[in-house]
Amino acid sequence: MKADRLLSILLLLQTRGRVSATELAERLEVSVRTIYRDVEALSSAGVPVYTERGRHGGIALLPGYRTDVSGLTADEARALFVLSAQGAHSDLGLDGALGSALRKVMAALPAPHRPGAERISERVLVDPARWLQPGAPAGPDLGELQHAVFTDRRLRLRYRHSGTPVPVEYTVDPYGLVSKASVWYLVADLQGEPRLFRAERVLAAETAEEPVRRRPGVGLGDVWTVLREQVERLPKEVPVKVRVRRGRLDMFVRIHGARLTAPPPEPSCSGPGGGEEWVELAMAFQALPAVRALLSFGADAEVLAPPAARRELARAAAEAARLYREG
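In this report, we go over the structure that sits alongside the text. For every chain, the first residue of its written sequence is number 1, and the numbers climb from 1 along that sequence. Per-residue local features of the predicted model are confined to residues with pLDDT of at least 70, and side-chain atom pairs are confined, for both listing and counting, to 80 or more; whole-chain, interface and lining totals are unaffected and use all residues. Computation of side-chain values covers all heavy atoms of the structure but excludes hydrogens and water.

Some words on the environment of E23
Helix and strand assignments come from DSSP, with helices taken as H or I runs of at least 4 residues and strands as E runs of at least 2, each series counted from the N terminus. By the secondary structure assignment, E23 is in helix 2 (residues 21-28). Residues E23 and I35, spaced 12 residues apart in sequence, show a C-alpha to C-alpha distance of 9.9 Å.

This is the structure in structure tokens:
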């Protein structure tokens with residue numbers, strides 16, 4: 001709608017200052033000619049907007065001009081108030097700031113939208129922690145990490161890697177912080193190479209005086225994409241065939257569903273085995289020792305193939321039996 005487009009142009013100019021007609025056209029998905037017609041419409045409505053030609057020209061508002069129009073629809077207002085249920089602001093110490101910002105937005109909302117926005121906190125609750133897996137603590141130095149990120153300074157870390165008892169000291173160039181499944185990570189360059197540091201493993205952090213040395217043209221999103229692909233690029237997986245007692249199937253799928261390579265059969269599909277009702281499943285593990293996780297189901301799950309996986313479980317069971325027998 002033209003009215004929405006005019007308001008979008010007004011708000012963009014108010015927040016960005018001078019903007020080229022080409023950029024406005026790309027953002028609003030219209031032609032440059034349409035943008036110039038919209039600018040004429042704004043000017044006719046009394047908005048002090050003007051254009052400057054040339055290489056550094058563009059469309060701008062007269063200095064000092066502001067509008068109190070929020071431009072928020074009912075859905076947009078509700079979407080903003082869902083932010084209060086996400087939890088990331090709490091880890092960053094921004095609870096008070098978020099509450100203050102939402103109160104200001106509420107005051108600027110059209111009266112018909114206010115009840116729906118207020119009702120969001122009563123009707124929507126977001127708990128990012130998975131069942132039986134509470135989110136890991138952010139770590140004592142998250143505030144210092146945040147300070148280095150926001151002030152564009154280098155960061156000195158004392159960091160403990162997983163499985164390594166001796167901490168290591170690094171000087172890194174931070175790009176930003178990422179909250180992934182309720183776990184905070186520092187995304188940074190170490191000697192020009194992208195690295196991922198789990199916040200809860202940071203034993204000490206100190207913001208350096210030197211400015212950050214980021215690679216030109218590279219942002220947080222770019223580095224995070226590279227690091228995420230590195231983590232998710234799995235080695236060749238080991239296919240495993242397993243049979244599970246039907247009475248334990250739901251729990252098995254809930255815990256190991258991510259490792260299934262085919263959906264479990266329908267309830268009517270069952271096969272007898274050992275006098276019990278069993279269901280056969282196809283799974284894949286990143287490495288052979290990972291099949292030991294199936295031992296938590298005891299005699300309710302049996303690996304059928306490959307033989308190497310059966311031997312791995314037999315060794316694990318024998319080690320556990322020997323440990324407790326000696327105890």
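Picking up after the structure, the text goes on.
What to know about the sheet that holds strand 7 (residues 202-211)
Read from one edge to the other, the open sheet built from 5 strands follows the order 6-5-4-3-7, with strand pairing classed as antiparallel. Single-partner strands in this sheet number two, and they are strand 6 (193-198) and strand 7. The average angle at which neighbouring strand axes cross in this sheet is 45°, direction not considered. Of the strand pairs in this sheet, strand 3 (residues 153-159) and strand 4 (residues 168-180) are connected by 5 bridges, and their pairing is antiparallel. What sits directly across from L155, in strand 4, is V172. Criterion used throughout: strands pair if DSSP finds at least two bridges between them. Only C-alpha atoms enter the line fits that serve as axes; for helices the fit covers just the stretch in contact. Angles between N-to-C directions range over 0 to 180 degrees.

What to know about the packing of aromatic side chains
Note on ring pairs: Phe, Tyr and Trp rings are taken, using the six-membered ring of Trp, and paired if centres are within 6.5 Å. Classes follow the plane angle, with under 30 degrees stacked, over 60 edge-to-face and the rest tilted. This model, assessed by the stated rule, comprises 3 aromatic pairs. Note on Y170 and F197: the rings are 5.7 Å apart at their centroids and 55° apart in plane angle, and the pair reads as tilted. You can see Y170 sitting in strand 4 and its partner F197 sitting in strand 6, a full 27 residues away along the chain. Charges are assigned to positions over rings by a cutoff of 6 Å between ring centre and Lys NZ or Arg CZ, combined with an angular limit of 35 degrees from the ring normal. Stacked on the ring of Y170, the Lys or Arg R195 has its end atom at 5.6 Å from the ring centre. Between the NZ or CZ atom of R243 and the centre of the ring of W278, over which it lies, the distance is 3.9 Å.

Quick word on the environment of R158
On the secondary structure map, R158 appears in strand 3. On the basis of relative accessible area, R158 is assigned to the partly exposed category, the value being 37%. Distance from R158 to E206, taken between C-alpha atoms, is 9.0 Å for residues 48 residues apart in sequence. The cut-offs for exposure are 20% and 50% of the maximum accessible area for each residue type, with area from a 1.4 Å probe on protein chains only; residues under the lower value are buried, those over the upper are exposed, and the others partly exposed.

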